[in-house]
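Structural overview for review
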Amino acid sequence: MSGHSNYEPKTGFERWLDVRLPIVRMAYDTAIDFPTPKNLNYWWTFGGILAVCLVIQIITGVVLAMHYVANAGLAFNSVEHIMRDVNHGWMIRYIHANGASMFFLAVYVHIARGLYYGSYKAPREILWLLGCVIYLLMMATAFMGYVLPWGQMSYYGAVVITNLFSAFDNVIPGVGTAITTWLWGGFAVDNATLNRFFSLHYLLPFMIAGVVGLHIWALHVPGNNNPVGVDVKSKQDTVPFHPYYTVKDGFAILVFMILFAWFVFFAPEALGHADNQVPANPLATPSHIVPEWYFLPFYAILRAVPDKLLGVLGMFGSIAMLFILPWLDTSKVRSMRYRPMARWFFFLFIAATIGLGWCGGKLPDDVVIPIGHDAVTGEATGFTVVMMSRVLAIYYFAYFLVVLPALGLLEKTLPVPETISTPVLPKGGAAMLSGATASPEKKG
Amino acid sequence: MRRLRPTGWNNTRLRAADRGAGPTKGNDVAETVNAHETQGADPNRRDFIHIAALATGAVGAAAVAWPLIDSMNPSGDTLALASIEQDISKVVEGQQLVVKWRGKPVFVRHRTAAEIAASVKDDHAEMRDPATDASRTKPGKQEWLIVIGVCTHLGCVPNFGTGDYGGWFCPCHGSVYDTAGRIRKGPAPRNLDLPTYEFTGPTKVKIG
Amino acid sequence: MISSTMGRSGVTGLRVLALAVLAFAAANLGGGVAQAKTNAKEPQEVSFTFEGPFGRFDQAELQRGFKVYAEVCSACHSMNLLSYRDLAQPGGPFWDPKHPNLAPAESPYAKAIAAQYKVPDIDPDTGDVIQRTATAADHFKAPFANEYAARAANGGALPPDLSVIARAREGGPAYIYSLLLGYEDAPANLTVPDGKYYNPYMAGDMSSYWKGPKDKVPEGGFISMARQIVDDRVQFDDKTPSTSANEAHAVATFLAWAADPHQVERKQTGIAVMLFLFVFTLLTYLSYRRIWRNIAH
């Protein structure tokens, strides 16, 4: 959208179209000609992987919606109908269910890449914010999608999360209850809730697609970040997106598909819960309610805070940290490759988040490190899951609110290369370069 | 549209001249970047490996598309009801039984001798869709006429026993069928369609 | 940092490793989630023919398992999601390999089995509820008209529907096998409530029924079903000895099939997909290397 376009329509039809709706030009500029830093590593392939995940979810989702029935009395059986009677229904369903997990796996890697390489820093703040919006929409979509099979976990997951809003009764009496009644469309999670969740679950992915369009637009204004964190200075620093990154992304997508296929065909229920194979029963709660794995860190933070309202605020606050990150990090250096102290705090942050996820899957009173026994019941006591959640949650917030602001000012960074090409030039610099390379298309 | 250019940062859009679209003497670096251009411009040099990868991709795409398309074909439970067995012992002479088959009505008509005779008499009368009475029944079971109860004009369900020929009359646009379900008057183009059926017992018929 | 010191293949390897670590973490988080803390005994180690990526169902065993279900379990447990025609689908207990393309609903075996049962229907002449002979398209006959009738006949407890039970319980078929065979006399100090039975494999909290030391509550819980699988309860038509172990193994196999009838097809498709993906990935990798070979990066 910015800069000169090199597209030259070749055929008469292309010229005719280009004058009326330059869509081929736009595609050419965006995905073929686009100058991309030549030093991107494999962490940069996850954007393409995410786009493929979104397309897969939409296509399989639309096909599933042809057979699914969003009625509390029929939903569970309609999913079983898909699994048993619809031609290849089992495969489409497993692709969709495991696809959601793969989608989140990819988005977490993509976010981690952004955190490590400073992709959220100026001038890419809007790009980062749009990404956070996409992440929020993904979470809403996944939450509603999980309710649709109407199993025990589906039902009680909906109950727990929608009940969170009743915490606002502590702020203004009655407001929280009004909100939850409105969300439910009744006095409890029931058929009305299921129907609206189905409607919104169908809608949101298309909103995600729209925001993805904005996300790519916002990316293409300044261009991609790169592992060195240094801006593109000359043509030497870039290669055209096609074929260099179309094929590299294609390769990365295929490796991702291998992992995806392994789950779909050999371990399709591994990421799910046995309790969700039991039809929802409003009168009998399962012994252990847990959300899907990708929500576990936030679930742990929610339970870590003893107060209901503060727990809710803590959970939403942990996501809000991502939104304000560009203004928290004071470092002038983008890439943590050149920020040796920040790098270690980052790895600790990743470990803390995974640890929080582990905690979220356990009961709060489970003991992590046993220290002694209770005199009366004889049960082991010690460092419990909820204590560990608190420690890790404190580090999670401290990383954003204390570490990153302080480090930028205090840290001694490594020297940053002048250009993208500098690290790969042989000793002697640019003078050596001309004459050394041949065109890749010539043999030899 | 205003081109937005962030100030203070390098503009990553490379102009054509910078990309070395012209003669590349002494500018091998640009040549490297332009490799794709030359590659595209000279299809004879296109590497086999790229074609192989693309072809494999096309095969994969087709293999993925098929299950998605086939999932829209009738599912197992629909196919299970593709044929039904019906007990017709309770259908008295001169009456019809309406049975639902594949979502449509089927008329199982127990014809009287008079109705059969009237139909046979008209075997060679002038009609839009000529057919003999025998061709529309099973041998030895002439009293049973089994037709799909959907008017071949625009799909309404004809009424039993009315109309000039005592067969059926479709109230929507006035099609008249005789006692063999043949169209005699009105706009319908074809006789009432015959489903596949066979008698699996003296009073049991399997339709479909 | 990484890509400047390692070659391209090193980066790729690192990336694959990272993905694998993340996936492992994810699977274990998911698995850890699923294995909620209960005090039930771990299911016995028992092997089934359908386990693993190359597993298959033994059709004879499926038939034996169906017989156990039909003669023992179906008196109380419904299987509402299965139809008689499902028994004749490819890979099922009564699929006929000699007629592989016969529609399952047309299978003479499915029709014959269905014809043994009467299912409720409405008489179109009178509007009354009647019992008519089942066809292959009908769902399995349910033992009780509704949940209330089921509870009334079983002391308030609802015998769960068995259509997906092998997927709805931690441990799956091994759990079912262990539970069916695992009934034990309740230890002294454990008060068993009326109408219930002690089973060490059953999940539950018995601490309020235990009079002994608090940290020595026995494993297991109370189940409303008495022991059903005993020797010679079912006579197998293929002369397999009617030991309770064989009966339990057969019905666990059958229930595993009923919960996931496309399991074998899924695994076979998976192997084909993986082979295709490995080839495709290799070709694409070579294409990528060829395109990038002269770029210093």
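Just so it is clear, the structure is predicted and the values come from calculations on it, not from any experiment.

Here we look at helix α3 (residues 59–71) of chain C
All names here are of chain C. Across its 13 residues, α3 extends 18 Å between first and last C-alpha, which sits within 8% of the 18 Å expected from 1.5 Å per residue. Of the residues making up α3, those classed as buried are E61, L62, R64, G65, F66, K67, V68 and Y69. Close packing links the buried residues of α3 with α4 (108–114) and α8 (244–259).

Quick look at the confidence of the model for chain B
Per-residue confidence for chain B gives a mean pLDDT of 82, with 78% of residues at or over 70. Scored below 50 in pLDDT, residues 1–44 of chain B shows 70 contacts in the model against residues more than four places distant or in partner chains.

Things to note about the packing of α3(C) against α8(C)
Residue and element names in this part refer to chain C. Following both chains from N to C, one finds α3 and α8 inclined at 100°, their axes separated by 7 Å at the closest point. As summarised for this structure, α3 and α8 are arranged roughly perpendicular, according to the angle between their axes. Across the interface between the two elements, E61, L62, R64, G65, F66, V68 and Y69 from α3 touch E247, H249, A250, V251, T253, F254 and W257 from α8. Among the residues forming the contact of α3 with α8, the class breakdown is eight nonpolar, three polar and three charged.

Focus on empty space enclosed by the protein
To locate leftover empty space, one rolls a probe as large as a water molecule over the atoms. Residue and element names in this part refer to chain A. Inspection of the entire model under this criterion finds eight cavities of 30 Å³ or more. The space that makes up the largest cavity amounts to roughly 950 Å³. Forming the walls of the largest cavity are 43 residues, and the residues nearest its centre are H96, A97, G145, Y146 and H201. Elements supplying a minimum of two residues to the lining of the largest cavity: α3 (46–65), α4 (75–84), α5 (89–117), α6 (125–147) and α9 (191–220). The greatest single-element share of the lining of the largest cavity, amounting to nine residues, is contributed by α5. When the residues that make up the lining of the largest cavity are grouped by side-chain class, the tally is 27 nonpolar, 12 polar and four charged.

Section: the interface of chain B and chain C
Counting residues at the interface gives 17 residues for chain B, matched by 15 residues for chain C. With both sides pooled, the region where chain B packs onto chain C buries about 1,200 Å², and carbon together with sulfur makes up 68% of that total. Linking chain B to chain C there are two salt bridges. For B:D47, the salt bridge goes to C:R290, with nearest N and O atoms at 2.9 Å. Connecting chain B to chain C are four residue pairs in polar contact (both at pLDDT 80 or more).

Description of the packing of aromatic side chains
In total, this model carries 59 aromatic pairs over all chains according to the counting rule given. Look at A:Y116 and A:Y117: their rings are 4.9 Å apart centre to centre, the planes differ by 80°, and that puts the pair in the edge-to-face class. Residue classification places A:Y116 among the buried positions, given a relative accessible area of 6%. With a relative accessible area of 4%, A:Y117 lands in the buried category. Centroid distance A:Y135 to A:F298: 6.5 Å. Interplanar angle 50°. Geometry classified as tilted. Here A:F298 lies in helix α11 (residues 296–304) and A:Y135 lies in helix α6, a separation of 163 residues in the sequence. Residue classification places A:F298 among the buried residues on the basis of a relative accessible area of 8%. Ring pairs connect the aromatic residues A:Y42, A:F241, A:Y244, A:Y245, A:F251, C:Y285, C:Y288 and C:W292, which therefore count as one cluster. Over the ring of A:Y42 we find A:K248; its NZ or CZ atom is 4.5 Å from the centre of that ring. A cation sits over an aromatic face here: C:R64 above C:F236, 5.8 Å from the ring centre.

Reading the values: the criteria
- Residues numbered from 1 in each chain as written.
- Chains lettered and ligands numbered in written order.
- Predicted model: local features only at pLDDT ≥ 70, side-chain atom pairs only at ≥ 80, totals over all residues.
- Heavy atoms only, no water.
- Helix = DSSP H or I, 4+ residues; strand = E, 2+ residues; numbered from the N terminus.
- Expected span 1.5 Å × (residues − 1).
- Buried < 20%, exposed > 50% of the residue type's maximum accessible area, 1.4 Å probe, protein only.
- Contact = heavy atoms within 4.5 Å.
- pLDDT = per-residue confidence, 0-100.
- Axes fitted to C-alpha atoms, helices over the stretch in contact; angles between N-to-C directions.
- Parallel < 35°, antiparallel > 145°, perpendicular 65-115°, else oblique.
- Nonpolar A, V, L, I, M, F, W, Y, C, P; charged D, E, K, R; others polar.
- 1 Å grid on protein atoms, 1.4 Å probe; cavity = no way out; pocket = protein on both sides within 12 Å on 5 of 7 lines; lining within 4 Å.
- Points joined across faces, edges and corners; volume = space filled by probe spheres on them.
- Buried area = accessible area lost by both parts, 1.4 Å probe.
- Salt bridge = Lys/Arg side-chain N within 4 Å of Asp/Glu carboxyl O.
- Polar contact = N/O pair within 3.5 Å; in protein donor to acceptor, adjacent residues only side chain to side chain.
- Phe/Tyr/Trp six-rings, centres within 6.5 Å; stacked < 30°, edge-to-face > 60°.
- Lys NZ or Arg CZ within 6 Å of the ring centre and 35° of its normal.

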